[in-house]
Amino acid sequence: MSEKSPLSDLQFFDRTAEYSVSWRRLPHWAQAGTVCFITWRTADSLPVAAIRRLFNKRQELLLQFGFQQNADWKTTLDSSPVSIRTKLHWAFFETWDSELHNAAGACWLREPELAEIVMKCLRHFDGDRYVLTDAVIMPNHVHLMAAFRNEELLLKQCTSWKRFTATQINRWLKDRKISVSSDGEFWQTDQFDHLVRDEDHFVHFRHYIRENATQAGLDDRPNAHYSRQ
């Protein structure tokens, strides 16, 4: 491995230990203390045409992996081997993330002040409620890696991050007489999360987050990209 993690005490996914998988629109994997790669997006980041493309691609992937396209596919997937679930879960993410990189929507997070609101929020309870290792604030979505003390904290903390930052961002926009949407929602409710399986996987995600920052021209903006040393 070409790069060693400076965070030698990180915990990675242990298939033999207890973990949970729950569904909203996306599957959520959680295991106490395990580093998790998380992505959440703005409410306007996937227009109707993009959502239609994602649905069609999901149907293709389900067939490719041998799943029937019916109402029970989630139940069938939950009972499948972990290796199959992981591969399909990641395939879903790659198609979803590629759509986000088309930078649809207002992309308000290009504004340095708004990116700073999100980054400060992510780092506020770092070392207390969770350990944040990396993060990047993209124009219409956020990538981060963090470890949580227990499984419930993952979804709870993501909800807390989004609620607080949405309030601050909407206030900033309102002061400038800018409306986000008719219902006032800034973030999409759901998010993607993926348990990091080992140190090589961790290094891969660190590079992925860093490359996202470079591609978006954020390397010189500390309020948009963070990596724990």
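Preceding block: the structure.
Think of each chain on its own: its residues are numbered from 1, step by step along the sequence as written. Per-residue local features are limited, in this predicted model, to residues with pLDDT of at least 70; the limit for side-chain atom pairs, both in listing and counting, is 80 or more; totals at the level of whole chains, interfaces and linings are taken over all residues. Where side-chain values are given, they derive from all heavy atoms of the structure, hydrogens and water being excluded.

What follows covers the overall build of the chain. Numbering of helices and strands starts at the N terminus; helices are DSSP runs of H or I of at least 4 residues and strands are runs of E of at least 2. Along the backbone of the chain there are six helices and seven strands. The linear arrangement of helices and strands in the chain, starting from the amino end, is β-β-β-α-α-α-α-β-β-α-β-α-β. Out of the 229 residues in the chain, the part that is buried amounts to 48%. Looking at the chain alone, contacts between residues at least 24 apart form 74% of all its contacts between residues at least 6 apart. Only carbon and sulfur atoms are counted for the fraction: they give 49% of the accessible area of the chain, which is about 11,700 Å². Note on exposure labels: buried denotes an accessible area under 20% of the residue type's maximum, exposed denotes more than 50%, and partly exposed covers the range between, all computed with a 1.4 Å probe on protein chains only. Throughout, a residue-residue contact means that at least one pair of heavy atoms, one from each residue, lies within 4.5 Å. Per-residue and other accessible areas were derived by the Shrake-Rupley procedure at a 1.4 Å probe size, with only the shown protein chains allowed to occlude residues.

Once that is clear, we can look at the nonpolar core. We define the nonpolar core as a collection of buried residues of types Ala, Val, Leu, Ile, Met, Phe, Trp, Tyr and Cys that are connected through side-chain atoms lying within 4.5 Å of one another. If you look at the biggest cluster of nonpolar residues, it comprises 57 residues, and the most contacted ones within it are Trp40, Leu122 and Leu144. Considering each element in turn, this core owes the most residues, nine residues, to helix α5 (residues 151–175). Ignoring sequence-local partners within four residues, the contact set of Leu122 consists of Trp40, Tyr130, Leu132, Ala135, Ile137, Val142, Leu144 and Trp161. In this structure, Leu77, Leu88, Ala91 and Phe92 belong to the second largest nonpolar core, which totals eight residues.

Turning our eyes to something else, we now look at the sheet that holds strand β7 (residues 225–227). Pairing between strands is defined by DSSP: at least two bridges between the two strands are required. Reading across from one edge, β6-β3-β5-β4-β7 is the order of the five strands in this open sheet, with antiparallel pairing throughout. The open sheet terminates on both sides in strands that have one partner only, identified here as β6 (187–195) and β7. Ignoring which end each strand starts from, the neighbouring axes of this sheet average 25 degrees apart. Two elements, strand β4 (residues 130–137) and strand β5 (residues 141–148), share seven bridges in a ladder whose sense is antiparallel. The residue of β5 that forms the bridge with Asp134 is Met145. This element, helix α4 (residues 112–124), spans β3 (35–42), β4, β5, β6 and β7 of the sheet and lies at about 165 degrees to β4. Convention adopted: a line fitted to C-alpha atoms gives each axis, helices being fitted over their contacting stretch, and angles between N-to-C directions are expressed from 0 to 180 degrees. The strands touched by α5 within the sheet are β3, β4, β5 and β6, with β6 carrying the most contacts at an inclination of about 145 degrees.

Let's shift gears to the side chain of Lys162. By the secondary structure assignment, Lys162 is in helix α5. Under this rule, positive means Lys or Arg and negative means Asp or Glu; His and the chain ends count for nothing. For this analysis, a salt bridge means a side-chain nitrogen from Lys or Arg found within 4 Å of a carboxyl oxygen belonging to Asp or Glu. Salt bridges are absent for the buried Lys162, whose nearest opposite-charge side chain, Asp190, sits at 6.2 Å. Polar contact is defined as a pair of N or O atoms within 3.5 Å, subject to the rule that within protein one atom must be able to donate a hydrogen and the other to accept it, and that residues adjacent in sequence are counted only when both atoms are side-chain atoms. Looking at Lys162, its side chain comes within polar contact range of the side chain of Gln191, at 2.9 Å. Those residues in contact with Lys162 that sit more than four places away from it in its chain are Trp40, Trp187, Gln188, Thr189, Asp190 and Gln191.

A few words now on the environment of Glu211. Its place among the elements puts Glu211 in helix α6 (residues 199–215). Between the alpha carbons of Glu211 and Val136 there is a distance of 9.7 Å; along the sequence they are 75 residues apart.

As a further point, take the packing of α4 against α5. One way to put it is that α4 packs onto α5 with a least axis distance of 10 Å and a crossing angle of 155 degrees. Judged on the interaxial angle alone, α5 and α4 are roughly antiparallel. Between α4 and α5 lies a crossing of right-handed hand. Seen from α4, the contacting residues are Glu113, Leu114, Ile117, Val118, Cys121 and Leu122; seen from α5, they are Trp161, Phe164, Thr165, Gln168, Ile169 and Trp172. Relative orientations are named as follows: roughly parallel for angles under 35 degrees, roughly antiparallel for angles over 145 degrees, roughly perpendicular for angles from 65 to 115 degrees, and oblique for any other angle. Put simply, a crossing is left-handed when the front helix is turned counterclockwise from the back one by less than a right angle, and right-handed when it is turned clockwise.

Now for the packing of helix α1 (residues 48–64) against helix α3 (residues 82–100). Each pair of packed helices can be described by the angle between their axes along with the distance between the axes. Two elements in contact, α1 and α3, have axes whose closest approach is 10 Å; the angle formed by their N-to-C orientations is 155 degrees. Here α1 is positioned roughly antiparallel relative to α3, judged by the angle of their axes. Pair α1 / α3 crosses with right-handed handedness. Residues Ala50, Arg53, Leu54, Lys57, Arg58, Leu61 and Leu62 of α1 form the contact with α3, whose own contacting residues are Leu88, Ala91, Phe92, Thr95, Trp96 and Glu99. Looking at the contact of α1 with α3 residue by residue, the classes come out as eight nonpolar, one polar and four charged. Residue type decides the class: Asp, Glu, Lys and Arg count as charged, Ala, Val, Leu, Ile, Met, Phe, Trp, Tyr, Cys and Pro as nonpolar, and the leftover types, Gly among them, as polar.

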